[in-house]
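# Fold and contact review
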Amino acid sequence: MSRYETAKEIYAKYGVDTEKAIEKLKDVTISIHCWQGDDVIGFDNRESLSGGIQTTGNYLGKANTPEELMADIDKAFSLIPGKKKLNLHACYAIGEPGEKIERNKIEPKHFKKWVEFAKERNIGIDFNPTFFAHPKVKDNLTLSSPDEDTRNYWIEHGKACIRISEYFANETGIPCVMNIWIPDGYKDIPADRMGPRARFKDSLDKILSEPYDKKKVYVTLESKVFGIGLESYTVGSGEFCLSYSNYKGITPLMDNGHYHPTEVVSDKISALLLFNENIALHVTRPVRWDSDHVVLFDDETREIAKEIVRNDALDRVFIATDYFDASINRISAWVTGVRNVQKALLFALLEPNKKLKELQEQNRLTELMVISEDLKTAPMGDVWDEFLKRENTKDNYIDEVLKYEKEVLVNR
Ligand code: RNT
Ligand code: ZN
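Chains are numbered independently. Their residues run from 1 in the order of the written sequence. Each chain is given a letter, starting from A, and each ligand a number, starting from 1, according to the order in which they appear as written. Selection of residues for local features in this predicted model requires a pLDDT of at least 70, selection of side-chain atom pairs for listing and counting requires 80 or more, and totals for whole chains, interfaces and linings are taken over all residues. Computation of side-chain values: all heavy atoms of the structure, hydrogens and water removed.

Another aspect to go through is the coordination of the zinc ion (ligand 2). In the first shell of the zinc ion (ligand 2), the protein supplies Glu222 (OE), Asp255 (OD), His282 (ND1) and Asp322 (OD), at 2.1 to 2.2 Å from the metal. In this structure, the zinc ion (ligand 2) is coordinated by 6 donor atoms arranged in octahedral fashion, with angles at the metal of 71 to 170°. Donor criterion used throughout: N, O or S atom within 2.8 Å of the metal, extended to 3.2 Å for Na, K and Ca. Water excluded; incomplete-looking sites may result. Within one chain, the residues donating to the zinc ion (ligand 2) are spaced in sequence as E-x32-D-x26-H-x39-D. Highlighted residues: Glu222 in strand β6 (residues 217-222) and Asp322 in the loop between β12 (317-321) and α10 (330-349), separated in sequence by 100 residues. Labels for metal geometry use angle windows, namely 85 to 135 degrees for all angles of a four-donor tetrahedral site, and for square planar (four donors) or octahedral (six donors) sites opposite donors over 155 degrees apart plus all others within 65 to 115; sites meeting none of these are irregular. Runs of H or I in DSSP of at least four residues are treated as helices and runs of E of at least two as strands, each being numbered from the N terminus.

Laid out in structure tokens, this is it:
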């Protein structure tokens, strides 16, 4: 009997069908962030990263051109099983040689090459306006700036991004999730917390006045608690973003690096699912702060996955990755992080969720604990390997990654 066959029997004893779990996992789309490949630099003006976020490390082989980034994405995607979507930032606009692209004037044509890339690979594209690392960010503020010209510049950027998102949806035939996140905030205690938030609200209203097809573009809003150099006050706080999303009927996005260190996104998912048709996630790994380490197969990632699976919400939650580690091989970072999100989902799919809920309802909490702990050492790895086999994806990817590093990355 193969290891998978044995695992199948073991899970059957828990009342879990491994075949069903594999089938479901095959259908989950993960939106993979392009920015792991070049440390969030992009191509439009190549300023160093700012806006309260940071990459650390200087591992060899960072992608410097669209061609290099596309090649790296291809390499990473070839080592990641399952359905994928490409998550782009506006700063990855591609111009003609020598063209200076202004963010308030970006157009679909600047993303034509990405559309070709996506179409050839049969995948959809998600999008993000880039409100950071740019000379038009004034005193760390964009959409909440007291300066009208600054606000208008970024409002135009947001509107342009809605048009581009719709273009992606039309071209690929797959809806586009467009996420708004602004870095705006203050390092020290502000005298006016309301003013910037009122301006942010007004700017968002103006961006969303751009007409778009709500079946093709899902606008999401990402909150945050603090940024580096913006420790005391963040305009787009949790309460602001959740309230705004509900007021406008857009989709709230939770990044699990954007909360106080003992606060967990896994506990928030059920609350938001009760009041929102869809919710969106940035899956990351904060180590002591919003450090955006590579996602591991850890407790919180599993708990997030369980909440999605248990509540039968795989088709209501937009799952995207968001991390950027420049201290290790970037292809490996991509593959490891995305695979861990998928592993966490598989772990959740291999739980007898109905039975566990019943135990809770009958207050049989002793048994609940024992089964939950037993499941941690059940042979999920064998089911994972079977999934990889069926997806024609190698289980051992490090050799491939190191080969690519030796043949391609080292020459950059
Ligand atoms: C920043 C947010 C945001 C960015 C990306 C690059 O704290 O998490 O999502 O990481 O847009
Ligand atoms: Zn994020």
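Right, let's talk about the pattern of salt bridges for a bit. What counts as a salt bridge is simple: a side-chain nitrogen of Lys or Arg found within 4 Å of a carboxyl oxygen of Asp or Glu. This model, assessed by the stated rule, comprises 29 salt bridges. Close ionic contact of Asp126 with Lys85 constitutes a salt bridge, the shortest N to O distance being 2.7 Å. On the criterion of sequence distance, the pair formed by Asp126 in strand β3 (residues 124-128) and Lys85 in strand β2 (residues 83-89) is long-range, its members being 41 residues apart. The two residues Asp126 and Lys85 agree in class, both being buried. Linking Glu303 and Arg310 is a salt bridge whose minimum nitrogen-to-oxygen distance equals 3.9 Å. Residues joined in a network through salt bridges with shared partners are Glu303, Lys306, Glu307, Arg310 and Glu351. Relative accessibility under 20% of the residue-type maximum defines a buried residue, over 50% an exposed one, and the middle range a partly exposed one, all with a 1.4 Å probe and only protein chains included.

Any two of the Phe, Tyr and Trp rings considered here, Trp counted by its six-membered ring, make a pair once their centres fall within 6.5 Å; the pair's planes then place it as stacked at under 30 degrees, edge-to-face at over 60, or tilted in between. Per the stated rule, a full pass over the model turns up 17 aromatic pairs. Taking 6.4 Å as the distance between ring centres and 45° as the angle between the ring planes, the aromatic pair formed by Tyr11 and Tyr14 counts as tilted. Summarising the burial analysis for this pair, Tyr11 and Tyr14 share the class buried. Ring plane angle 50° and centroid distance 5.6 Å describe the contact between Trp384 and Phe387, whose orientation is recorded as tilted. Here the residue Trp384 and the residue Phe387 both occupy positions in helix α13 (residues 380-390), the gap between them amounting to 3 residues, near one helical turn. Overall, the relative accessible area of 0% leaves Phe387 in the buried class.

Whether a residue is near a molecule or strand depends on its heavy atoms: if one lies within 4 Å, it is near. Not every one of the 13 residues close to ligand 1 is listed here, only the nearest: His89, Glu222, Lys224, His258 and Asp322. For this analysis, a polar contact is any N or O atom pair within 3.5 Å, provided that within protein one partner can donate a hydrogen and the other can accept it, and provided that sequence-adjacent residues contribute only side-chain to side-chain pairs. One of the side-chain N or O atoms of His258 is found 2.9 Å from an oxygen atom in ligand 1. In this structure, His282 approaches ligand 1 through a side-chain N or O atom, which is 3.2 Å from an oxygen atom. With residues, only the protein chains shown are counted as cover, and all accessible areas are computed by Shrake-Rupley using a 1.4 Å probe. In isolation ligand 1 exposes 310 Å². Once the protein is present, 99% of that is buried. In the scheme used here, Gly and all other residues not listed as nonpolar or charged are polar, with Ala, Val, Leu, Ile, Met, Phe, Trp, Tyr, Cys and Pro taken as nonpolar and Asp, Glu, Lys and Arg as charged. Here the residues of the shell around ligand 1 are counted per class, giving 5 nonpolar, 3 polar and 5 charged.

Despite not being glycine, Ala133 shows a phi value in the positive range, around 50°. With a phi close to 55°, Asp292 is a non-glycine residue in the positive phi region. Within the secondary structure, Asp292 sits in strand β11 (residues 289-293). A relative accessible area of 3% means that Asp292 is categorised as buried.

Within the secondary structure, Val408 is located in the segment after α14 (398-407). The partly exposed category is assigned to Val408, whose relative accessible area is 31%.

With respect to the helices and strands, Arg302 occurs in helix α9 (residues 299-310). Here Arg302 falls in the buried class, since its relative accessible area comes to 11%. Within polar-contact distance, the side chain of Arg302 engages the side chain of Asp299 at 2.7 Å. Excluding residues within four positions of it along the chain, Arg302 makes contact with Phe297, Ala344, Phe347 and Lys376. The contact rule is simple, with two residues in contact once any of their heavy atoms fall within 4.5 Å.

It is worth spelling out α10 at this point. The span expected for a helix works out to 1.5 Å for each residue beyond the first. For α10, built from 20 residues, the straight-helix expectation of 28 Å at 1.5 Å per residue is met to within 8% by its first-to-last C-alpha distance of 29 Å. Burial runs high along α10: 19 of the 20 residues are buried. Capping of α10 at its N-terminal end is provided by Asn329; its side-chain oxygen lies 2.8 Å from the backbone amide nitrogen of Ile331.

Moving on, we come to the pairing of β12. β12 sits mainly inside the fold: 4 of its 5 residues count as buried. Two strands qualify as a pair provided that DSSP identifies no fewer than 2 bridges between them. As defined by bridge partners, strand β1 (residues 29-33) adjoins β12 across 2 bridges and the pair is classed as parallel. Bridge assignment links Ser31 to a residue of β12, and that residue is Ala320. Judged from the 5 bridges that link them, strand β9 (residues 279-283) and β12 form a sheet pairing that is parallel. Residue pairing across strands places His282 opposite Ala320, the latter belonging to β12.

Structurally, Glu5 is set in helix α1 (residues 3-13). The exposure class assigned to Glu5 is partly exposed, which follows from its relative accessible area of 34%.

As for its position among the elements, Ser223 is in the loop between β6 and β7 (233-234). The contact partners of Ser223, leaving out residues within four places of it in the chain, are Gly236, Ser237, Gly238, Cys241, Leu253, His258 and Tyr259.

What follows is about the environment of Tyr323. Checked against the element boundaries, Tyr323 lands in the loop between β12 and α10. The buried category is assigned to Tyr323, whose relative accessible area is 0%. At a separation of 2.9 Å, a polar atom in the side chain of Tyr323 contacts the main-chain carbonyl oxygen of Ala333. Among the polar contacts made by the side chain of Tyr323, one reaches the main-chain carbonyl oxygen of Trp334 at a distance of 3.0 Å.

Attention now moves to helix α7 (residues 238-248). Considered for burial, the residues of α7 that qualify are Phe240, Cys241, Tyr244 and Ser245. Along the axis of α7, the buried residues cluster in a sector spanning 120°; they form a single face. Those residues of α7 hidden inside the fold are in contact with α6 (194-207), β6 and β8 (251-255). Two residues or fewer after α7 comes Gly249, characterised by a positive phi angle close to 70°. By definition, the arc is the one covered by directions from the helix axis to the C-beta atoms.

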